[in-house]
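This is what each chain is made of:
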Amino acid sequence: MSDHDSDLKPSKPAIWNDPKYRALFFQIILVIGLGYFIVSIVDNTLSNMESRGISTGFAFLNEPSGFGILQSLIEFDESHTYGRTFFVGLLNTLLISGLGIFFATFLGFIMGVARLSNNWIVAKVATVYIEIFRNIPLLLQIFFWYFAVLASLPGVRQSMSLGAGIEFNNRGLYVPSPVPEDGFSIVFWLFVIGIIATVFLARWANKRQELTGQQFPVFFSSLGLIFGLPLVVFLMMGSPLSWDYPALKGFNFQGGVSIIPELLALLLALTIYTGTFIAETVRAGINAVSHGQTEAAMALGLTRGKTMRLIIIPQAMRVIIPPLTSQYLNLAKNSSLATAIGYPDIVAVFMGTTLNQTGQAVEITMMTMGVYLTISLTISMFMNWFNKRMALVER
Amino acid sequence: MKKLTSTLLLTSILAVAANTASADTLSSVKSKGFVQCGVSTGLPGFSNADASGNWKGLDVDVCRAVAAAALGDAGKVKYTPLTAKERFTALQSGEIDMLSRNTTWTLTRDGSLGLNFAGVNYYDGQGFMVTKGLGVKSALELDGAAVCIQAGTTTELNLADYFRENGMKYKSVTYDTSDATIKGFEAGRCDMLSSDQSQLYALRIKLKNPGAAIVLPEVISKEPLGPVVRQGDDKWFNIVKWSLMAMVNAEELGVTSKNASSMKSTKNPSIGRLMGGQGEKLGLGDGWAYNIVSQVGNYGESFERNVGMSSPLKISRGLNALWSKGGLQYAPPIR
Ligand SMILES: N[C@@H](CCC(=O)N[C@@H](CS)C(=O)NCC(=O)O)C(=O)O
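Residues numbered from 1 in each chain as written. Chains lettered and ligands numbered in written order. Predicted model: local features only at pLDDT ≥ 70, side-chain atom pairs only at ≥ 80, totals over all residues. Heavy atoms only, no water.

## Focus: the sheet that holds strand β3 (residues 172–175) of chain A
Residue and element names in this part refer to chain A.
Stage number 1. Reading across from one edge, β1-β2-β3-β8 is the order of the four strands in this open sheet, with antiparallel pairing throughout. Of all strands in the sheet, those bounded by a partner on one side alone are β1 (160–161) and β8 (257–259).
Stage number 2. Pairing between β3 and β8: three bridges, direction antiparallel. Among the inter-strand pairings, Tyr174 is bridged to a residue of β8, identified as Ser258.
Stage number 3. Strands β2 (167–169), β3 and β8 of the sheet are contacted by helix α7 (residues 261–288), whose axis makes an angle of about 50° with β8. (Pairing = 2+ DSSP bridges. Helix = DSSP H or I, 4+ residues; strand = E, 2+ residues; numbered from the N terminus. Contact = heavy atoms within 4.5 Å. Axes fitted to C-alpha atoms, helices over the stretch in contact; angles between N-to-C directions.)

Here it is, written out as structure tokens:
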């Protein structure tokens, strides 16, 4: 483009040469093209499935399923619908993901801090743990925990009694379940009130400390509020709670709450595996806080524990949270390996049995992908919110 | 993973292929030079790879028969091991040309999965296997038991029906591979393992101590097992169907792999039709059935060799005897 013309004022370009309109034009073309692409793919899929005699649509969700599921958080038997198998699987996936995230975070933080410990043994134990379990494929670990542990546990009839009515054998962990009796609801509500009161107490104590610098023993008083008071009332009322103990009836234990070995093995494997990555994330986060901070805190006379808790960790959190989010997402998605050992998660139940009994691969795969997408986006959203809260607030 | 891959493959094929007018499997088999056959991941007697990787079994013989008929060489088969969950998607997506994997013919599968069952190569029924130590003699004593089963099978459904019908409770531990199912049973996770009876006998010899397990007498369902093809390719459907029928007819007519070549010059017209001619009606060469019988053998030979008395499974012919011997194997005539 040479400006050999004498006119210095830029002339208004023709509409097809105007970059503004051009950009708009191409975007519209792109959207139309994409729309057409999607519509024709969906249309083609449907008509091809039709011509090949493959059923389509979502009517199958209302048909009775006709199969049993090992573990269900909602009522389920073979007379319930395929649609309900979706929810049974979904809840089982949420259960294992939730528990996994909780325990992996716990283990990961401990191990991450331990690896930085000045105590040689503690640091080495953490290092060995991380290096071993981070480098073995998760599926192998799942199989290991499942079959190795299952095989070494005693059978139902030789069940191990762990005391307090807890039974452990190769059919799972059986725990007595509490059966509330008359008046127990009072204790329960006291407990709830205790929690609410603690929240207010903590706020008040915080404010007071900011204003006057005086500290209040929030921890012990909240212990008293949440557990102490309800316990005293509970005992005064003559312990209105009985226990349903698991007992061997026929082939298996009945009564109490049973935790199936599939859940235990999967939880163990996911926790231990993801814990290593979280530990490394935590270590990186702590290392990212400059040593000057520690020195400054010490100079102020804070103890080691307090330095860690009040100075280092809050700053490290800002580095830790984003990669932590990825670990949570990994854990949620890895939980689908459940299917290898028969834990009835959504992939095993819905994308496995239900898909196979109905043959509606396209619909079911889409629904299952939708579930994982939703879970992942929810975790991301929550962690982003958490990240914002933890971000450096300038005063 | 394989499952997801084939589902995605299926979706993309269905999505992209602009109205696939009945794909011609025979031509594609001829041009690639082998039949891609879906089998189990390892079920002794039915489809199982030996130490040197050769597949053997009653179901494998159907694949071999089809290759003999279509390509003139029973050896031109490639095998795709599939779990129960993977098998139908693999067939629908075109990953395999046919499925011969102890698969039960049911209305839902025939009617809504876009599949066609090409006959029955084994009449079976669901049963239970328990350890001797359990001291159970009948399935009706199993109230409250835990059962190891494989996902994506008719087993899951029959089990629920049976226990419901008899007012009993059960816990099903559902694995996705047969290996995990056996291991679960061996580790004592379940009181019993349930599957089609033939598979129970097959799986039992995979146990570390086969003598410690017994198969209970009850048979709780009908499981007609047979080869499956995609809907919409009638020519290929006919070829698979008649390959199996040729094996059954050969047994009925007394033609075996040993006497096949001498039978070629027979005066018996039925045998004559089996040994030559008729091929073009299926779109095949003239010697299609001769190739099957001489290379694979007749149905009876295949049965004895793989699952019968001369095999470790020692299953008697029972329902699978020829109709003329009190069984159910009855093939329409070749004429
Ligand atoms: N015939 C039944 C059951 C077939 C089936 O998959 N049985 C299991 C028994 S454990 C099996 O053969 N598994 C072998 C494998 O997955 O490779 C059906 O078609 O649904």
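## Details of the interface of chain B and chain A
Stage number 1. Contact residues are listed per partner, giving 55 residues for chain B and 45 residues for chain A.
Stage number 2. Carbon and sulfur atoms supply 51% of the area buried between chain B and chain A, which totals about 4100 Å² over both sides.
Stage number 3. Here chain B and chain A share three salt bridges between them.
Stage number 4. Those elements that provide at least two residues to the side of chain B that touches chain A are α1 (2–16), α4 (87–92), α5 (107–112), β9 (145–150), α6 (154–165), β10 (170–175) and α7 (178–186) of chain B.
Stage number 5. For the side of chain B that touches chain A, the element with the highest residue contribution is α1(B), accounting for nine residues.
Stage number 6. Split by residue class, the side of chain B that touches chain A holds 25 nonpolar, 18 polar and twelve charged. (Buried area = accessible area lost by both parts, 1.4 Å probe. Salt bridge = Lys/Arg side-chain N within 4 Å of Asp/Glu carboxyl O. Nonpolar A, V, L, I, M, F, W, Y, C, P; charged D, E, K, R; others polar.)

## Describing the sheet that holds strand β8 (residues 126–131) of chain B
All names here are of chain B.
Stage number 1. The strand order across the open sheet formed by five strands is β10-β9-β11-β8-β12, and the pairing between neighbours is mixed. Of all the strands in the sheet, just β10 and β12 (213–215) have a single pairing partner and so form its edges. Neighbour to neighbour, the strand axes of the sheet diverge by 30° on average, direction disregarded.
Stage number 2. Both β9 and strand β11 (residues 192–196) contribute to a ladder of two bridges, which runs parallel. Note on β11: the bridge partner recorded for Cys148 is Leu193.

## Observations regarding the domain arrangement of chain B
Residues and elements named next belong to chain B.
Stage number 1. If you check the domain split of chain B, you get domain 1 (2–123 + 225–325) and domain 2 (126–221).
Stage number 2. For domain 1 and domain 2, the distance between their C-alpha centres works out to 28 Å.
Stage number 3. Counting residues at the interface gives 19 residues for domain 1 and 16 residues for domain 2.
Stage number 4. A buried area of about 1300 Å², summed over both sides, lies between domain 1 and domain 2, and 62% of it is on carbon and sulfur atoms.
Stage number 5. When the area that domain 1 buries against domain 2 is broken down by residue, the three leading residues are Leu43, Pro44 and Lys85, summing to 30%.
Stage number 6. The residue Asp176 makes a salt bridge to Lys85 at a minimum N-O spacing of 3.9 Å.
Stage number 7. Among the residues making up the side of domain 1 that touches domain 2, the classes are represented as nine nonpolar, six polar and four charged. (Domains from an automatic or database assignment.)

## Re the site of the ligand
Residue and element names in this part refer to chain B.
Stage number 1. Every one of the 23 residues lining the ligand counts as a neighbour, but Thr41, Arg101, Thr104, Gln150 and Asp196 are closest to it.
Stage number 2. The separation between a nitrogen atom of the ligand and a polar side-chain atom of Asp196 is 2.6 Å.
Stage number 3. In isolation the ligand exposes 510 Å². Once the protein is present, 99% of that is buried.
Stage number 4. Contributing elements (two or more residues each) for the shell around the ligand: β11, α8 (197–204) and β13 (223–225).
Stage number 5. The class makeup of the residues in the shell around the ligand is five nonpolar, 13 polar and five charged. (Near = heavy atom within 4 Å. Polar contact = N/O pair within 3.5 Å; in protein donor to acceptor, adjacent residues only side chain to side chain. Areas by Shrake-Rupley, 256 points an atom, 1.4 Å probe, with all protein chains shown as cover.)

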